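Chain residues, written in single-letter form:
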Amino acid sequence: MKKWLKKRDIILIIALLLVGIVTLIIWHFLYNETGNKVTVEQRGEEIGTFPLNKDTEIPIEYKGEEVNFLVIEDGYCYMKEAECPDHLCIKQGKIDKVGQTIVCMPNRVVVTVVGGDTSGLDSVAK
């Protein structure tokens, strides 16, 4: 009976796994940037942009009623309270990395961490 995996096959599999792990580690350290601002949108309209380095409590209202309560504290942002049935936005926890979001679908609130590059130039124009 023939062996399914030969010595060279095992070496190839190990080499591919190592390349994958090294790539993930490099990706994590190069593209894991901490943001410095957070944008808040409700129903497709931007409510505001707030710095992550200033502790703030932001009530988010809709039709005169508070629907969410956002907290910025110690460089992190999290949803403290929400008037939705599932509270998934609260369970998403604290965010501080560029691109991370907190979404409250029933109240249509989106909180996104953004970086500090405000030059208006994209990577191609630079």
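This text follows the structure it describes.
Everything quoted here is computed from the prediction, not taken from an experiment. (Residues numbered from 1 in each chain as written. Predicted model: local features only at pLDDT ≥ 70, side-chain atom pairs only at ≥ 80, totals over all residues. Heavy atoms only, no water.)

K.L.:
What should I look at first to understand the sheet that holds strand β3 (residues 56-62) in this one?
P.N.:
The pairing of strands in a sheet happens through backbone hydrogen bonds and is either parallel or antiparallel. Across the sheet, three strands lie side by side as β3-β4-β5; this open sheet has antiparallel pairing. In this open sheet, the two edge strands, each paired with only one partner strand, are β3 and β5 (76-82). Ignoring strand direction, the axes of neighbouring strands in this sheet form an average angle of 25°. By the bridge criterion, six bridges tie strand β4 (residues 65-73) to β5 in an arrangement that is antiparallel. Within β5, the position partnered with F69 by the bridge is E81. (Pairing = 2+ DSSP bridges. Helix = DSSP H or I, 4+ residues; strand = E, 2+ residues; numbered from the N terminus. Axes fitted to C-alpha atoms, helices over the stretch in contact; angles between N-to-C directions.)

K.L.:
What is the right way to read the environment of V67 from this model?
P.N.:
Turning to its location among the elements, V67 is positioned in strand β4. V67 sits 14 residues away from E81 along the chain, and the two C-alpha atoms are 8.1 Å apart. For V67, the contacting residues outside a window of four places in its chain are Q42, I60, E61, Y62, E81, A82, E83 and N107. (Contact = heavy atoms within 4.5 Å.)

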